[in-house]
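Observations on chain architecture
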Amino acid sequence: MTRTPLVAGNWKMNGVPDSASELRAMIDALKGGGHCDVLVCPPFPLIGAFVGDAADSGVEIGAQDCHFNEKGAHTGDVSPALLAAIGASAVILGHSERRADHGEADALVKAKAQAALAAGLLPIICVGETEAQRDSGQAEATVLAQLDGSLPDDAGIVVAYEPVWAIGTGRVPENADIAAMHAAIRKAVVGRYGEAGQGIRLLYGGSVKPGNAAEIFAIDDVDGGLIGGASLKADDFLGIIRAA
Ligand code: PGA
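All of the points below concern the structure found in this document. (Residues numbered from 1 in each chain as written. Predicted model: local features only at pLDDT ≥ 70, side-chain atom pairs only at ≥ 80, totals over all residues. Heavy atoms only, no water.)

So, the overall build of the protein
In plain terms, the rule: Secondary structure elements follow DSSP: runs of H or I of four or more residues count as helices, runs of E of two or more count as strands, with numbering from the N terminus. Radius of gyration: over C-alpha atoms. The globule rule applied is 2.2 Å multiplied by the number of residues raised to the 0.38 power. Here, residues are in contact when the closest pair of their heavy atoms is within 4.5 Å. Residue exposure ignores everything except the shown protein chains as possible cover, and the areas themselves are Shrake-Rupley values with a 1.4 Å probe.
Summing up its helical and strand segments, the protein has ten helices and eight strands in all. Computed over its C-alpha atoms, the radius of gyration of the protein comes to 17 Å, within 12% of the 18 Å expected for a compact globule of 244 residues. Based on the C-alpha atoms only, the size of the protein along its principal axes is roughly 45 × 45 × 35 Å. Sequence-distant contacts, at least 24 apart, represent 72% of the contacts inside the protein between residues at least 6 apart. Accessible surface computed for the protein: about 10,600 Å², of which carbon and sulfur atoms make up 51%.

A word on the side chain of Asn10
How we decide: Burial classes: relative accessible area under 20% of the type maximum marks a residue as buried, over 50% as exposed, and values in between as partly exposed (1.4 Å probe, protein chains only). By the criterion applied in these results, polar contacts are pairs of N or O atoms within 3.5 Å in which, for protein atoms, one can donate a hydrogen and the other can accept it, and in which residues neighboring in sequence qualify only through two side-chain atoms.
In this fold, Asn10 is placed in strand β1 (residues 6-10). Accessibility expressed as a relative area gives 5% for Asn10, which makes it buried. Among the polar contacts listed, one links the side chain of Asn10 to the backbone nitrogen of Lys12, at a separation of 3.0 Å.

Brief notes about the sheet that holds strand β8 (residues 224-227)
Inclusion rule: A strand pair is defined by DSSP finding two or more bridges across the two strands. Lines fitted to C-alpha atoms define the axes here, with helix axes fitted over just the stretch in contact, and angles between the N-to-C directions of these axes take values from 0 to 180 degrees.
Spatial ordering of the closed barrel is given by β1-β2-β3-β4-β5-β6-β7-β8, a layout of eight strands whose pairing is parallel. Across the sheet, the axes of successive neighbouring strands diverge by a mean angle of 25°, strand direction being ignored.

Concerning the packing of helix α1 (residues 20-30) against helix α10 (residues 234-243)
Rules: Whether a crossing is left-handed or right-handed is set by the direction in which the near helix is turned from the far one by less than a right angle, anticlockwise for left-handed and clockwise for right-handed. Under the grouping applied here, Gly and all other residues not named as nonpolar or charged are polar, the nonpolar ones being Ala, Val, Leu, Ile, Met, Phe, Trp, Tyr, Cys and Pro and the charged ones Asp, Glu, Lys and Arg.
Axis separation between α1 and α10 bottoms out at 9 Å; the angle between their running directions is 35°. Relative to α10, the crossing made by α1 is right-handed. Contacts between α1 and α10 involve Glu22, Ala25, Met26, Ala29 and Leu30 on the former and, on the latter, Ala234, Phe237, Leu238, Ile241 and Arg242. Partitioning the contact of α1 with α10 into residue classes produces eight nonpolar, no polar and two charged.

Here we look at the pattern of salt bridges
To be explicit about the condition: The rule for a salt bridge is simple: a side-chain nitrogen of Lys or Arg has to be within 4 Å of a carboxyl oxygen of Asp or Glu.
Counted by the stated rule, this structure contains 19 salt bridges. When the shortest N-O distance is used, the salt bridge between Arg3 and Asp223 registers 3.1 Å. Here Arg3, found in the segment before β1, pairs with Asp223, found in the loop between α9 (210-217) and β8; they are 220 residues apart in sequence, far enough to count as distant. Asp223 sits in the buried class, given a relative accessible area of 7%. In this structure, the salt-bridge partner of Glu97 is Lys12, at a minimum N-O distance of 2.9 Å.

A few points about the packing of α1 against helix α2 (residues 44-54)
Here is the rule: To sort the angles, those under 35 degrees are grouped as roughly parallel, those over 145 as roughly antiparallel, those from 65 to 115 as roughly perpendicular, and the leftovers as oblique.
Two elements in contact, α1 and α2, have axes whose closest approach is 10 Å; the angle formed by their N-to-C orientations is 25°. In terms of orientation, α1 and α2 fall into the roughly parallel class. Seen along the crossing, α1 lies across α2 with a hand that is right-handed. On the side of α1, the interface is formed by Ala20, Leu23, Arg24 and Ile27, while α2 contributes Phe50, Asp53 and Ala54. Residues of the contact of α1 with α2, tallied by class, amount to five nonpolar, no polar and two charged.

Some words on the site of the ligand
To keep things clear, this is the line we draw: Near is defined per residue: the residue qualifies when any heavy atom it owns lies within 4 Å of the molecule or strand.
Neighbouring the ligand are 13 residues; Lys12, His95, Glu162, Gly168 and Ser207 lie closest to it. Between Glu162 and the ligand, the recorded distance is 2.6 Å, taken from a side-chain N or O atom to an oxygen atom. Contact with the protein chains removes 96% of the 280 Å² of surface that the ligand exposes when unbound. Residues of the shell around the ligand, tallied by class, amount to four nonpolar, seven polar and two charged.

Some words on the packing of aromatic side chains
How we decide: Classification of ring pairs rests on two measures: the distance between centres of Phe, Tyr or Trp rings, Trp counted by its six-membered ring, which must be within 6.5 Å, and the angle between planes, read as stacked under 30 degrees, edge-to-face over 60 and tilted in between.
By the definition in use, this model includes two aromatic pairs. Measuring from centroid to centroid gives 5.3 Å for Trp11 and Phe50, while their planes differ by 85°, and the two rings are edge-to-face. Of this pair, Trp11 sits in the loop between β1 and α1 while Phe50 sits in helix α2; the two residues are 39 residues apart in sequence, bridging distant segments of the chain. For Trp11, a relative accessible area of 2% corresponds to the buried category.

As for the nonpolar core
Soluble, globular proteins show a tendency: their nonpolar side chains are buried together. As a reminder, the rule being used: To define a nonpolar core, start from buried Ala, Val, Leu, Ile, Met, Phe, Trp, Tyr and Cys residues and group those joined through side-chain atoms within 4.5 Å.
Counting residues in hydrophobic clusters, the biggest one holds 59 residues, and the most contacted among them are Val40, Val159 and Ile185. What Val40 contacts, discounting residues up to four positions off in sequence, is Gly9, Trp11, Leu23, Met26, Phe50, Val59, Glu60, Ile61, Gly62 and Phe237.

See the structure below:
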């Protein structure tokens, strides 16, 4: 089964309205098309303007979180229905920073993923072990348990494997460790969804840069990347997109 690679930028809590110039530089450089899907996920207040800037460019715009309800008394939250209505096409869910900063557990991530799917958004579900879990030989068991609790009923998702210790640190697992984890995740999603699991894109995330992207994307069952710091500057992000 062929899977179109996806390179997704997670801007986290970075960017101001003027940062749209980086987005426009990316879009200009990508004119004429490419061989992978490209997604940029800025903070909520920038999504609407970015959707406008990216119209008809092939670059998709997404969010970094959503609520699991369609509307209601949830001060400060944003519904998947609203994200879809303003033109977002995807949402990152269960990122380790949200799991850590906001205590998000697997069941909540699953509820958000179900709601995102119902609103027509593509959920990008993040999993990954801490350094202590890897050191104690629990990396795979941790990730499989996260998947077990976080995956929605429908296979229309992307999974991002992001070792917590590799995020923003400049450290990356050995290729063999990425390969082993992605093989385990593939087996899990095929076990869960049957043949449809073969079509699910599995992204690697954590300190992906232009200099290491090609090597990482060449690993079996790595179908692109979730990029933090290196997605903020057009030159770096474009270097990673070209590697895909
Ligand atoms: P990083 O972040 O690329 O800055 O390591 C990745 C992520 O958290 O999605």
